[in-house]
Amino acid sequence: MTIAIIVAVCILLFVLGFLVPRLSRGPQRGVDKTLGAGQRAGGKAPGPIGKLFSKSFGTSRKATNKSASAGRRGRGKLPL
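From a predicted model like this one, the values you see are computed outputs, not experimental measurements.

Peer 1: Lay out the side chain of S24 with the relevant residues and their values.
Peer 2: By the element assignment, S24 lies in the loop between α1 (2-19) and α2 (25-43). Here S24 falls in the buried class, since its relative accessible area comes to 0%. Once you skip the residues sitting within four places of it in the chain, S24 turns out to touch L16, G17 and R72.

Below, the structure written as structure tokens:
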């Protein structure tokens, strides 16, 4: 379930980055801020569980940022 949500957010950010590059930065920052808060909260869990929670949020955060920037890069390569 969680993976499906992250994939959907990545696709949405990619499409936004491709169609409206300037307006895609706001939603990207919002997702980044939300996942960053989850990453910090997960890191406070005790022992190896904290590392696991923190890592999963960090990986999701990295994926969403990559997809948004890939959409903007793809738009920048168009010959328009």
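Peer 1: Describe helix α3 (residues 47-76), listing the residues and the values that go with them.
Peer 2: A rise of 1.5 Å per residue sets the reference length of α3, with its 30 residues, at 44 Å; its end C-alpha atoms lie 44 Å apart and thus fit the reference within 8%. Every buried residue of α3 is listed here: G50, S54, G58, S60, T64, S67, A68, G71 and R72.

Peer 1: Which residues make up the packing of aromatic side chains, and what values go with them?
Peer 2: For the coordinates displayed, the defined rule picks out one aromatic pair. When the ring of F14 is compared with that of F18, the centres are 6.5 Å apart and the planes differ by 15 degrees; the resulting orientation is stacked. Of this pair, F14 and F18 both sit in helix α1, four residues apart, roughly one helical turn. Here F14 falls in the partly exposed class, since its relative accessible area comes to 37%. You can call F18 partly exposed: its relative accessible area is 29%.

Peer 1: Please give an account of the packing of α1 against α3 that cites residues and values.
Peer 2: At a minimum axis separation of 7 Å, α1 and α3 run at an interaxial angle of 25 degrees. Considering the angle they form, α1 stands roughly parallel to α3. Relative to α3, the crossing made by α1 is right-handed. On α3, the residues that touch I6, V9, C10, L13, F14, G17, F18 and L19 of α1 are S60, A63, T64, S67, A68, A70, G71, R72, G74 and R75. Residue classes in the contact of α1 with α3 are distributed as ten nonpolar, six polar and two charged.

Conventions and cut-offs
- Residues numbered from 1 in each chain as written.
- Predicted model: local features only at pLDDT ≥ 70, side-chain atom pairs only at ≥ 80, totals over all residues.
- Heavy atoms only, no water.
- Helix = DSSP H or I, 4+ residues; strand = E, 2+ residues; numbered from the N terminus.
- Buried < 20%, exposed > 50% of the residue type's maximum accessible area, 1.4 Å probe, protein only.
- Contact = heavy atoms within 4.5 Å.
- Expected span 1.5 Å × (residues − 1).
- Phe/Tyr/Trp six-rings, centres within 6.5 Å; stacked < 30°, edge-to-face > 60°.
- Axes fitted to C-alpha atoms, helices over the stretch in contact; angles between N-to-C directions.
- Parallel < 35°, antiparallel > 145°, perpendicular 65-115°, else oblique.
- Left-handed = near helix turned anticlockwise from the far one by under 90°.
- Nonpolar A, V, L, I, M, F, W, Y, C, P; charged D, E, K, R; others polar.

In short, geometric facts, not functional conclusions.
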